[in-house]
Every structure is written in structure tokens, then in C-alpha cells.
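Spelled out, the chains give:
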Amino acid sequence: LVSKKRCWVPLLVVIYLNSHFRHFYRRMYGDKDTWRLAFKLAAVPMGLNPLPADLLGRRDPSGLFCGSAMAHRDPDGNDAFYHRTLQTLPGQPTPPLHPALTDALMSPA
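Procedures and definitions
Residues numbered from 1 in each chain as written. Predicted model: local features only at pLDDT ≥ 70, side-chain atom pairs only at ≥ 80, totals over all residues. Heavy atoms only, no water. Axes fitted to C-alpha atoms, helices over the stretch in contact; angles between N-to-C directions. Helix = DSSP H or I, 4+ residues; strand = E, 2+ residues; numbered from the N terminus. Parallel < 35°, antiparallel > 145°, perpendicular 65-115°, else oblique. Left-handed = near helix turned anticlockwise from the far one by under 90°. Contact = heavy atoms within 4.5 Å. Nonpolar A, V, L, I, M, F, W, Y, C, P; charged D, E, K, R; others polar. Buried < 20%, exposed > 50% of the residue type's maximum accessible area, 1.4 Å probe, protein only. Phe/Tyr/Trp six-rings, centres within 6.5 Å; stacked < 30°, edge-to-face > 60°. Expected span 1.5 Å × (residues − 1). Arc of directions from axis to C-beta. Pairing = 2+ DSSP bridges.

Asks: Teacher, can you tell me more about the packing of helix α1 (residues 8-19) against helix α3 (residues 31-41) here?
Replies: Helices that pack against each other are described as a pair by the angle of their axes relative to one another and the distance between those axes. One way to put it is that α1 packs onto α3 with a least axis distance of 8 Å and a crossing angle of 135°. When the interaxial angle is binned, α1 and α3 end up oblique. The hand of the α1/α3 crossing is right-handed. Only D31, T34, W35, L37, A38, F39 and L41 of α3 make contact with α1, whose side of the interface consists of P10, L11, V13, V14, L17 and N18. Class assignment of the residues belonging to the contact of α1 with α3 gives a composition of 10 nonpolar, two polar and one charged.

Asks: Help me understand α3, please; the structure alone is not making it clear to me.
Replies: Owing to its 3.6 residues per turn, the α-helix aligns residues three or four sequence positions apart on the same side. The set of residues buried in α3 consists of D33, T34, A38 and F39. The elements touched by buried residues of α3 are α1. Two residues or fewer after α3 comes A43, characterised by a positive phi angle close to 55°.

Asks: What should I look at first to understand the packing of aromatic side chains in this one?
Replies: Here the distance between the centres and the angle between the planes together describe a pair of aromatic rings. The tally for this structure, following the rule as stated, stands at three aromatic pairs. Ring plane angle 55° and centroid distance 5.7 Å describe the contact between F21 and Y25, whose orientation is recorded as tilted. For F21, a relative accessible area of 27% puts it in the partly exposed group. Aromatic side chains W35 and F39 sit 6.5 Å apart centroid to centroid with 25° between the ring planes, which places their arrangement in the stacked category. Placement of the pair is W35 and F39 together in helix α3, with a separation of four residues, close to one helical turn.

Asks: Explanation requested: α1 in the structure shown.
Replies: Taking 1.5 Å per residue as the helical rise, α1 with its 12 residues ought to reach 16 Å, and the 16 Å between its terminal C-alpha atoms agrees with that figure. Buried residues of α1: P10, L11, V14 and L17, and no others. Relative to the axis of α1, the buried residues are bounded by an arc of 125° and lie together on one face. Residues of α1 that are buried in the fold lie against α2 (21-24) and α3.

Asks: Before we go on, may I ask you to explain the sheet that holds strand β1 (residues 54-59) in this structure?
Replies: One key point about sheets: their strands pair by backbone hydrogen bonds, in either a parallel or an antiparallel sense. The strand order β1-β2-β3 describes an open sheet built from three strands, whose pairing is antiparallel. Both edges of this open sheet fall to β1 and β3 (79-84), since each of them pairs with a single strand only. On average, each strand axis in the sheet is tilted by 30° relative to the strand beside it, whichever way the strands run. Two elements, strand β2 (residues 65-73) and β3, share five bridges in a ladder whose sense is antiparallel. Within the sheet, the bridge partner assigned to M70 lies in β3 and is H83.

Any functional reading would require information that these geometric values do not contain.
The following block contains the structure:
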């Protein structure tokens with residue numbers, strides 16, 4: 001979570017980097033790296049949650065796990081927010097989530 005009041009400059013840098021993704025993403029690992037770079041360029045301290053995100057999804061009939069979201073936790077381990085990770089194309093509508101996944105995302109753990 002980001003305080004817009006304290007982090008306005010890095011947020012503007014993130015917007016710039018991500019709006020020019022065709023150039024910058026060839027040199028880094030996507031939008032997650034633009035955040036780190038933006039805070040470093042703006043000389044604003046950035047903290048990261050020590051808890052990794054959990055993958056959300058379901059197994060298909062063959063047993064293959066199909067993940068399409070991540071659950072992010074606060075430092076105490078409680079749900080903070082969900083991050084949808086389905087691939088979308090620029091300018092295209094985001095495909096709807098499968099009803100079973102929507103139920104999994106909305107039901108308590």
C-alpha cells in the first residue's frame with residue numbers, strides 16, 4: 001500500500017515507466033521492477049512486505065494448477081488485497097474471471 005501524499009513523485013515515475021512499457025519491460029521483469037526503480041530514482045525509501053503472496057486458482061481435471069490471482073497479506077498475515085494476474089492485451093477488455101475462481105476469491109479462507 002502506498003501513501004500518495006508521501007510518494008507522489010515515485011508514483012509519477014511508475015506511470016511514466018509503465019506507459020512506455022515496450023521500451024522498459026525489455027530491460028526488466030515487468031511492472032514489479034518499475035516500482036523498485038521509480039522509488040530508487042526518486043530517492044524515496046520503499047519497504048517490502050516480508051510475506052510472499054499466495055497463488056490463487058484451481059486445478060484442472062488433469063491436476064494442472066491454473067493460477068490467475070495472488071493474495072497479498074499484511075505483515076501480520078491477514079488478507080490485504082487480491083491482485084488479478086490474468087494476461088490481457090493493451091486496449092482489450094480484461095476477460096471475465098471463471099465463476100468458480102470468483103467464488104474462491106470472495107469466500108473467506
